Amino acid sequence: MNHHRIKVLLIEDNPTDARLIQESLSEASDDPFDLETADTLAGGLQRLSAGGVDAMLLDLALPDSFGQETFVRAKAQALGVAIIVLTGMHDDTLALKLVQGGAQDFVAKVDVSGNNLTRAILYAIERERLEQEFRKLNEELEKRIWDRTSELEAANRELEAFSYSVSHDLRAPLTHLHGFSSLLLDNHASQLDEQGQRYVRKIKDGVLRMSSLIDDLLTLAKVSRQELRRCEISLNSLVEEVMKDLESETSEREIRWLVGSLPMIECDRGLMRQVLVNLLSNAIKYTRKREHAVIEIREDVIDGKKTIVVKDNGVGFDMKFADKLFAPFQRLHREKDFEGTGIGLATVQRIIHKHSGRIWADSQPGLGATFYFTLGSEITNQSTKLTAQVVPA
């Protein structure tokens, strides 16, 4: 036998309807209901504030409130209380609105009978209990996610600060190594044999490589912390600017540039400039062995998404190693063939991801490489009319 008494509050101003509901509940002798009544919304809300109510039967047409407003005011104070709305007519549209707003059931007064009403109350109480448990679990999950996210963000900040500090602290001894090795070669070369001089030059080369690696690490760390400053820019203008800055790397080579009509894009201009510098520098570097190098920059639509394409006819790479392409310190070519620290493409990927975009590549050994990237923001479509520019030898 269930000894728990179910407290039901009826807010109804029509005495006949109130009497009908009271008799309907009394007929359900197996279910221990205690019914209290109020004939105004204000009186019902006052009783709710005292607590102890399990379910509320609510009429929407009251002397001091009417319609959906009645439910909204009652719901705001009936936290944890199952609400069954009573109405004198069938109104499916209103019923849907109230259920979406948090009502547990909607019962027409003409359908009120002992079994119907008790079943509606019991089901409503159970649904409210389950919803309360779900909300509690959801709040706990959100808190755990928030706490975990905060921990990860703090760990990332500490790791980046550590990397930044270590990178800076490494500069002083590197400067000393470079300076003293230079002095040794400049002032004491005569005291060293050819092998000794070669060793010192190797020290200097190692210092320069380490310095370059630190610069790239600092750039990668800076990208991770940097907030985006979005603005609309012309990608054609930015490509032209980067090509001009890279002229020192192309002045003694013949490179055919195919630059399409590129779109206006919304991005962080400085970071997007880094993307282009890295991608175009790589294209220049890996076409070094080509007598006639071709580098193409254009817009395309891939899988319905506007995509920027950077393509070259350089040495390419084997796609079975593509998973290493954007990982820091990973290189697909020997350093003696092509210089680099292996951080450039990792930086590019991080910048593209900060713009909610995607970057990937396609290649075959000896047949060049093609890099594709998208941005999360919308870009203005323009025709893709290619122009050619040749940098003579």
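Structure's up top.
Residues numbered from 1 in each chain as written. Predicted model: local features only at pLDDT ≥ 70, side-chain atom pairs only at ≥ 80, totals over all residues. Heavy atoms only, no water.

Quick look at helix H6 (residues 194–225) now. When the terminal C-alpha atoms of H6 are compared, their 47 Å separation across 32 residues agrees well with the 46 Å that a helix rising 1.5 Å per residue should span. Along H6, the positions that sit buried rather than exposed are Gly196, Val200, Val207, Leu213, Ile214, Leu218, Leu220, Ala221 and Val223. (Helix = DSSP H or I, 4+ residues; strand = E, 2+ residues; numbered from the N terminus. Expected span 1.5 Å × (residues − 1). Buried < 20%, exposed > 50% of the residue type's maximum accessible area, 1.4 Å probe, protein only.)

Summarising burial for strand S6 (residues 82–87): 6 of the 6 residues are buried, a large majority. Going residue by residue along S6, you find Ala82, Ile84 and Leu86 tucked away on one face and Ile83, Val85 and Thr87 tucked away on the opposite face as well. The pairing of strand S3 (residues 55–59) with S6 spans 5 bridges and is parallel. By the bridge assignment, Met56 is partnered in S6 with Ile83. Bridge count between S6 and strand S7 (residues 105–108): 4 bridges; the pairing is parallel. Following the sheet pairing, Val85 is matched in S7 by Phe106. (Pairing = 2+ DSSP bridges.)

It is worth spelling out the sheet that holds strand S2 (residues 33–38) at this point. What the 5 strands build is an open sheet, ordered S2-S1-S3-S6-S7; its pairing is parallel. Edge positions in the sheet fall to S2 and S7, since each has one partner strand and no second. The mean angle between the axes of side-by-side strands here comes to 20 degrees, regardless of whether they run parallel or antiparallel. (Axes fitted to C-alpha atoms, helices over the stretch in contact; angles between N-to-C directions.)

Quick look at the packing of aromatic side chains now. Within a pair of aromatic rings, the relevant descriptors are the distance that separates the centres and the angle that separates the planes. Scanning all chains against the criterion turns up 2 aromatic pairs. Plain terms: the ring middles of Phe326 and Phe371 are 6.4 Å apart, the flat faces sit at 85 degrees to each other, and that makes the pair edge-to-face. Taken as a pair, Phe326 in the loop between strand S12 (305–312) and helix H10 (344–354) and Phe371 in strand S14 (residues 369–374) lie far apart in primary sequence, 45 residues in all. Relative to Tyr372, the ring of Trp360 lies with its centre 5.2 Å away and its plane at 15 degrees, an arrangement referred to as stacked. Here Trp360, found in strand S13 (residues 358–363), pairs with Tyr372, found in strand S14; they are 12 residues apart in sequence, far enough to count as distant. An identical accessibility class is assigned to Trp360 and Tyr372; each is buried. Taking the ring centre of Trp360 as reference, the NZ or CZ of Arg358 above it sits at 3.9 Å. (Phe/Tyr/Trp six-rings, centres within 6.5 Å; stacked < 30°, edge-to-face > 60°. Lys NZ or Arg CZ within 6 Å of the ring centre and 35° of its normal.)

Coordinates in, geometry out; function isn't part of it.
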